[in-house]
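# Coordinate analysis (summary)
Below, each chain spelled out in residue letters.
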Amino acid sequence: MSISHAPPSSPEPDISAMSKSERPGAERPGPGPLDLQPVVPAFSRGFRVPRWVRRTTGPIVLLALWQVLSATGVLTSDVLASPGRIAQVGWDLVSDGSLPTAMGTSLRRVASGLLLGTVIGTGLALVSGLFRIGEDLVDAPVQMLRTVPFVGLIPLFIIWFGIGEAPKTAIITLGVTFPIYLNVYAGIRGVDSQLVEAGESLGLSRWGLTRHVVLPGALPGALTGLRYALGIAWLALVFAEQVNADAGIGFLMVQARDFLRTDVIVVCLIVYAFLGLLADFVVRSLERLLLQWRPTFTGR
């Protein structure tokens, strides 16, 4: 008696009834265009908090903590007024017209000082950056004056220009001139030399080279210097308006200091910060408008 170890017979599959992709040995088609899935970075998956919420969370938390400390008596009114009291005082100053008038006076002073400082700083940077002899004559004196604190020159400006608007404008102008000069000069000297050689090979004159190559290449540095200059302009305005001033935001702060009004002082500081933020927004808008040709990293 013999035992067979062969497996039981199974029915043969009907190959003719199969589709081409189901037949043994047939290659399976790759994924079509509709089967492709976009690759999503890991940090962008899931729920994302809107950016405006993230940007406002910090200030809101700070205001809430400030209000709680004021309500519980940890911060007394003679040390720092509560946010509610500051909002009420700010509304009163706006209603009686004293704050808008002071803002207009301060804006005129900053605008005049910023205009003069920008013209002087840009002119000196062009002379020093475009010409070697200009650098030899201009750069050293500017660097020496830059190290002198402009606040320390206030008594000298009062002696020279009196106690009117001239010393205040001179202080702002001096504070604005140096960041404009440094950044424009660095922008001019930072232009790629290969671009300059390419312009010369195309037959550009010295003026054409300066206009089409050097100045556009120095524009990012100039706008960066303008942003720095705006911050220094508001800082110089604070000092200028506290010296023999009879109008302006600084004048309101001096009066509030004499009467120990911390709420008015904080309102004036908030106005300074708001005006500085507004000026910075204007410059950043100019950057986006004038520097469209320059791709930059915007964060992830």
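Thresholds, definitions, all that
- Residues numbered from 1 in each chain as written.
- Predicted model: local features only at pLDDT ≥ 70, side-chain atom pairs only at ≥ 80, totals over all residues.
- Heavy atoms only, no water.
- Salt bridge = Lys/Arg side-chain N within 4 Å of Asp/Glu carboxyl O.
- Helix = DSSP H or I, 4+ residues; strand = E, 2+ residues; numbered from the N terminus.
- Buried < 20%, exposed > 50% of the residue type's maximum accessible area, 1.4 Å probe, protein only.
- Axes fitted to C-alpha atoms, helices over the stretch in contact; angles between N-to-C directions.
- Parallel < 35°, antiparallel > 145°, perpendicular 65-115°, else oblique.
- Left-handed = near helix turned anticlockwise from the far one by under 90°.
- Contact = heavy atoms within 4.5 Å.
- Nonpolar A, V, L, I, M, F, W, Y, C, P; charged D, E, K, R; others polar.
- 1 Å grid on protein atoms, 1.4 Å probe; cavity = no way out; pocket = protein on both sides within 12 Å on 5 of 7 lines; lining within 4 Å.
- Points joined across faces, edges and corners; volume = space filled by probe spheres on them.

### A look at the pattern of salt bridges
On inspection of all chains with the given rule, the structure shows three salt bridges. Between Arg-85 and Asp-263 there is a salt bridge, with the nearest N and O atoms lying 3.2 Å from each other. Taken as a pair, Arg-85 in helix H2 (residues 83-95) and Asp-263 in helix H10 (residues 262-290) lie far apart in primary sequence, 178 residues in all. One salt bridge in this structure joins Arg-261 and Asp-263, with 3.1 Å as the shortest N-O distance. Using a relative accessible area of 33% as the deciding quantity, one classes Arg-261 as partly exposed. Of the residues examined, Asp-263 reaches a relative accessible area of 5% and is grouped as buried. Overlapping salt bridges bring together Arg-85, Arg-261 and Asp-263 as one network.

### Considerations on the packing of helix H4 (residues 132-146) against helix H6 (residues 165-189)
Their axes nearest at 11 Å, the elements H4 and H6 cross at an angle of 140°. Of the possible angle classes, the one that applies to H4 and H6 is oblique. The handedness of the crossing between H4 and H6 is left-handed. Residues Glu-135, Val-138, Asp-139, Val-142, Gln-143, Leu-145 and Arg-146 of H4 lie in contact with H6, whose contacting residues are Phe-178, Tyr-181, Leu-182, Tyr-185 and Arg-189. Class assignment of the residues belonging to the contact of H4 with H6 gives a composition of seven nonpolar, one polar and four charged.

### Quick word on helix H9 (residues 249-258)
Along H9, the residues classified as buried are Ile-249, Gly-250, Leu-252, Met-253, Val-254 and Ala-256. Looking at the packing, one finds that the buried side of H9 touches helix H3 (98-130) and H10. Phi turns positive, to about 55°, at Leu-260, one or two residues after H9.

### Remarks on empty space enclosed by the protein
Where empty space is left can be seen by rolling a probe of water-molecule size over the atoms. In total, this model carries one cavity of 30 Å³ or more according to the counting rule given. Counted as a void, the largest cavity has a volume near 60 Å³. Along the walls of the largest cavity sit Ile-154, Ile-158, Gly-162, Ile-163, Pro-167, Lys-168, Ile-171, Ala-240, Val-243 and Asn-244, which together make up its complete lining. Among the elements that make up the lining of the largest cavity, the one with the highest residue count is H6 (three residues). Partitioned by chemical class, the residues of the lining of the largest cavity number seven nonpolar, two polar and one charged.

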